[in-house]
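Spelled out, the chains give:
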Amino acid sequence: MQRLIFLLFILLSTSLIAQERLIMIGGGKRTPDVLTKFIELSGKENGKILVIPWASGVQDESFEAFNKDIVALSKIKVEKASLSPLTPETKAIFLNQLKSATGVFFCGGDQTRIMTVLQDEELFSALHTKYQNKVVFAGTSAGTAIMSQKMITGEGDFKVIDGSKVEIKKGLGLLTNIIVDQHFIKRQRQNRLIGLIFQNPELLGVGIDENTAVYIEGNKIAEVMGESQVMIFEAQKSRNEMKFLMLEKGEKFDLERRKRVK
């Protein structure tokens, strides 16, 4: 009897443990449903969102634009991360900011600017530790591009379907089973993602359109939010054969089992 009670306790405790949570916005508008979800996962009025604008060429302006969107919806605290390039002093400040953050948001711009900062292994590791400790992460545009391990930089020849002509670099890599692309339908970016998935058939291609987001829980179940669609690409066993599907708002997809879920 005691063993049964112990097992039930373990099962209940496991079910109550929060999973990793990630919101990837494809650029464009940050729609209210997406921001509301991010605010809720960040702890509402008791939380603190740390905004990292390193991708932007105008970091203060990027922070202010995001802060304006949040203020319109919630009284949650929003803090601007130390601006890049970091000095030893501002790096220490950033690490302290990260410790108390209940939500982390990466602004858009140029994803390589973010990863240049994150060549610092201490910073890279600190962000991963924060994510693994169940703090919600989110990003838009360039801030979405960094979330996969193999990051599309935006450089290359996109007039052809050839993954070898698409430049990729190391991303933050919170997700290791996909390659993500953004502004996807609006900017007709199918060529570069299809080419990369043919070249990396073990990965799924996830193309997120503007004004649209994917919420991923436990690094597994993806749900579409926002206004447009998300496209999923999967290489088949036969050479030059690709399967793809379109997901609408509210639809879910299992990234491990590679199938829609209800």
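In case you missed it, the structure is sitting above this.
Structure report, in brief. Within every chain, residues take consecutive numbers counted from 1 along the sequence as written. With pLDDT at 70 or above as the cut-off, local features in this predicted model cover only qualifying residues; side-chain atom pairs require 80 or more to be listed or tallied, and sums for whole chains, interfaces and linings still use all residues. To obtain the side-chain values, all non-hydrogen atoms of the structure were used and water was disregarded.

### A look at unusual backbone geometry
No. 1: With an omega dihedral of 0°, the bond running from S84 to P85 counts as a cis peptide bond.
No. 2: Secondary structure elements are taken from DSSP: a helix is a run of H or I of four residues or more, a strand is a run of E of two residues or more, and numbering for both begins at the N terminus. Tracing the backbone through its elements, the reader meets P85 in the loop between β3 (77-80) and α4 (88-100).
No. 3: One non-glycine residue, S141, lies in the positive phi region at around 55°.
No. 4: In this structure, S141 sits in the loop between β5 (136-140) and α7 (142-145).
No. 5: We call a residue buried when its accessible area falls under 20% of the maximum for its residue type, exposed when it is over 50%, and partly exposed in between, using a 1.4 Å probe and counting protein chains only. Assessed through its relative accessible area of 12%, S141 is described here as buried.
No. 6: The phi dihedral of R258 falls on the positive side, at around 60°, and the residue is not glycine.

### A closer look at the sheet that holds strand β8 (residues 178-182)
No. 1: When DSSP locates at least two bridges between a pair of strands, those strands are taken to pair. Spatially, β8-β9-β12-β13 is the arrangement adopted by the 4 strands of the open sheet, whose pairing is mixed. On the outer flanks of this sheet lie β8 and β13 (242-247), each paired with one strand and no other. Across this sheet, the average inter-strand angle for adjacent strands is 20°, counted without regard to direction.
No. 2: Pairing geometry for strand β12 (residues 230-235) and β13, over 6 bridges, is antiparallel. Among the inter-strand pairings, V230 is bridged to a residue of β13, identified as L247.
No. 3: Where helix α8 (residues 190-199) meets the sheet, its contacts fall on β8, β9 (204-208), β12 and β13, and the angle it forms with β12 comes to roughly 30°. Axis geometry follows a simple rule: fit a line to the C-alpha atoms, using only the stretch in contact for helices, then measure angles between N-to-C directions, giving values from 0 to 180 degrees. By the convention used here, residues are in contact when the closest approach between their heavy atoms is within 4.5 Å.

### With respect to α8
Each α-helix turn comprises 3.6 residues. Residues three or four places apart therefore point the same way.
No. 1: Burial in α8 covers these residues: R192, L193, I194, G195, L196 and I197.
No. 2: Buried residues belonging to α8 abut β6 (150-156), β7 (166-170), β8, β9, β12 and β13.

### Here we look at the packing of aromatic side chains
No. 1: Aromatic contacts are taken between Phe, Tyr and Trp rings whose centres are within 6.5 Å, Trp giving its six-membered ring; a plane angle under 30 degrees counts as stacked, one over 60 as edge-to-face, and the others as tilted. Overall, the coordinates contain 7 aromatic pairs when judged by the stated rule.
No. 2: Where F38 meets F105, the ring centres are 6.0 Å apart and the plane angle is 55°; that geometry is what we call tilted. A residue pair is termed long-range when its members are at least 10 positions apart, and F38 in helix α2 (residues 32-41) and F105 in strand β4 (residues 103-106) qualify at 67 residues. Each member of the pair F38 and F105 is classed as buried.

### Considering the nonpolar core
No. 1: Working definition of a nonpolar core: buried Ala, Val, Leu, Ile, Met, Phe, Trp, Tyr and Cys residues. They are joined through side-chain atoms within 4.5 Å. Ranked by internal contacts, the top residues of the largest apolar core, which has 47 residues, are M24, F94, F106, L118, L127, F137 and L172.
No. 2: If one sorts the elements of this core by residue count, helix α6 (residues 121-132) sits on top with 5 residues.
No. 3: Not counting chain neighbours up to four residues away, the residues in contact with M24 comprise G139, T144, M147, L175, I178, V180, I208, T212, A213, V214 and I216.
No. 4: The next biggest cluster of nonpolar side chains, apart from the first, holds 21 residues, and it includes I23, I25, F66 and A213.

### Notes on the pattern of salt bridges
No. 1: Salt bridge, as used here: a side-chain nitrogen of Lys or Arg that lies within 4 Å of a carboxyl oxygen of Asp or Glu. The tally for this structure, following the rule as stated, stands at 15 salt bridges.
No. 2: Notably, a salt bridge pairs D69 with R30, separated by 3.0 Å at the nearest N-O pair. Taken together, the positions of D69 in helix α3 (residues 59-71) and R30 in the loop between β1 (21-25) and α2 put the pair 39 residues apart, joining distant regions of the chain.
No. 3: Between K220 and D254 there is a salt bridge; the shortest N-O distance is 3.9 Å. Taken together, the positions of K220 in the loop between β10 (212-217) and β11 (221-226) and D254 in strand β14 (residues 252-254) put the pair 34 residues apart, joining distant regions of the chain.

### Describing the pairing of β9
No. 1: Most of β9 is tucked away: 5 of the 5 residues are buried.
No. 2: Seen with the strands pointing away from the viewer, any crossover whose path from the first strand over the helix to the second strand runs clockwise is right-handed. Handedness of the crossover is the feature at issue here: the chain leaves β8, passes through α8, returns alongside β9, and the resulting connection is right-handed.
No. 3: Here β9 runs beside β12; their pairing, made up of 4 bridges, is antiparallel. Residue pairing in the sheet places I208 in a bridge with V230 of β12.

### Focus: the environment of T31
No. 1: Assignment of secondary structure puts T31 in the loop between β1 and α2.
No. 2: The class for T31 is buried, based on a relative accessible area of 5%.
No. 3: The spacing of T31 and G226 is 195 residues in sequence and 5.9 Å in space, taken between C-alpha atoms.
No. 4: Non-local contacts of T31, meaning those with residues more than four positions away in its chain, are made with N211, G226 and E227.

### Quick word on the packing of α4 against α6
No. 1: α6 packs onto α4 with a crossing angle of 5° between their chain directions and a minimal axis gap of 10 Å. Between α4 and α6, the crossing angle belongs to the class labelled roughly parallel. Of the residues in α6, those in contact with K91, F94, L95, L98, K99 and S100 of α4 are E122, L123, A126, L127 and K130. The labels follow the angle: roughly parallel below 35 degrees, roughly antiparallel above 145, roughly perpendicular from 65 to 115, and oblique for the rest.

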